[in-house]
Amino acid sequence: MNSATTGARRFRRSALLGAVVATALGGGAILAACGSGGQGGGADAGGPARLSVADSYIPLPPAGGMGAGYLTVRNDGGADELVKVTSPAAESVTMHRSTASTMEQVTSLDVPAHGALQLARGGTHLMIMGWQKAPALGDELEFDLTFAKSGTISVKVPVKELTYRPGQS
Ligand SMILES: [Cu+2]
């Protein structure tokens with residue numbers, strides 16, 4: 001009746017369907033593998049946790065690239081768990097555990113009763129990505145550590161030389 005469709009092009013879809021989405025299964029995506037080791041739910045190591053954070057530092061990341069964070073959570077009370085870490089200085093902070101050949105993300109880390117959780121080179125650490133601003137030596141960056149029982153503790157973590165180790169000046 002009319003010519004409204006004049007010039008309308010008909011696309012054939014068959015060619016497009018051939019272009020299968022090659023789903024990149026995130027290179028290096030590492031899933032949480034380790035639960036908190038065998039807590040049978042028995043002795044609760046009594047009483048509230050009494051936490052303090054010491055020896056925290058971030059070795060200067062290369063040109064604002066991925067960084068690592070280390071610290072010690074001391075506990076003079078009952079057991080607790082570190083369940084989340086965030087920072088206004090970075091988009092992403094995750095907890096990692098190093099194994100012999102790789103590292104894996106974990107969703108919680110035990111803070112033993114009357115003991116300490118240590119995040120140290122070669123072992124458990126924080127992995128920090130997406131800096132708001134490239135860290136510089138001497139910066140002190142806020143990190144918010146959330147514990148299952150004790151709530152959130154904010155600490156200022158200094159940026160140190162790459163070779164720094166706690167206990168040396
Ligand atoms: Cu890591």
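Please refer to the structure higher up on the page.
Read on for an overview of the structure. Predicted, not measured: the structure shown is a model, and the values here were computed from it.

**Focus on the overall build of the protein**
In terms of regular secondary structure, the protein is built from one helix and 10 strands. Shown N-terminal to C-terminal, the secondary structure of the protein runs as helices and strands in the order α-β-β-β-β-β-β-β-β-β-β. Here the protein holds 169 residues, and 33% of them are scored as buried. Long-range contacts, defined here as pairs at least 24 residues apart, represent 70% of the contacts in the protein between residues at least 6 apart. Carbon and sulfur atoms make up 53% of the accessible area of the protein, which totals about 10700 Å².

**Some details on the pattern of salt bridges**
The tally for this structure, following the rule as stated, stands at one salt bridge. Close ionic contact of Asp139 with Lys133 constitutes a salt bridge, the shortest N to O distance being 3.9 Å.

**Let's talk about the coordination of the copper ion**
Around the copper ion, the protein supplies His96 (ND1), Met103 (SD), His125 (NE2) and Met127 (SD) as donor atoms, at distances of 2.1 to 2.7 Å. Seen from the copper ion, its four donor atoms lie at angles of 90 to 127°, and the figure they make is tetrahedral. When the donor residues of the copper ion are listed from N- to C-terminus, their spacing reads H-x6-M-x21-H-x1-M. Taken together, the residues Met103 in strand β5 (residues 103-106) and His125 in strand β8 (residues 125-131) connect sequence positions 22 residues apart. Given the relative accessible area of 27%, Met103 is considered partly exposed.

**Some words on the pairing of strand β2 (residues 67-75)**
The side chains of a regular strand alternate, first on one face of the sheet and then on the other. Counting buried positions along β2 gives eight out of nine residues, so the element sits mostly inside the fold. When strand β1 (residues 51-59) meets β2, the two strands line up antiparallel, connected through five bridges. Looking across to β2, one finds that Val53 is bridged to Val73. As paired strands, β2 and β8 are joined by three bridges and run antiparallel to one another.

**Remarks on the packing of aromatic side chains**
Applying the stated criterion across every chain yields a total of two aromatic pairs. Ring centres of Tyr57 and Tyr70 lie 5.3 Å apart, and the angle between their planes is 40°; on these two criteria the pair is classed as tilted. With Tyr57 in strand β1 and Tyr70 in strand β2, this pair connects stretches of sequence that are 13 residues apart. With respect to burial, Tyr57 and Tyr70 carry one shared label: buried.

The rules behind these values
- Residues numbered from 1 in each chain as written.
- Predicted model: local features only at pLDDT ≥ 70, side-chain atom pairs only at ≥ 80, totals over all residues.
- Heavy atoms only, no water.
- Helix = DSSP H or I, 4+ residues; strand = E, 2+ residues; numbered from the N terminus.
- Buried < 20%, exposed > 50% of the residue type's maximum accessible area, 1.4 Å probe, protein only.
- Contact = heavy atoms within 4.5 Å.
- Areas by Shrake-Rupley, 256 points an atom, 1.4 Å probe, with all protein chains shown as cover.
- Salt bridge = Lys/Arg side-chain N within 4 Å of Asp/Glu carboxyl O.
- Donors = N, O, S within 2.8 Å, 3.2 Å for Na, K, Ca; no water.
- Tetrahedral: all angles 85-135°; square planar, octahedral: opposite > 155°, others 65-115°.
- Pairing = 2+ DSSP bridges.
- Phe/Tyr/Trp six-rings, centres within 6.5 Å; stacked < 30°, edge-to-face > 60°.

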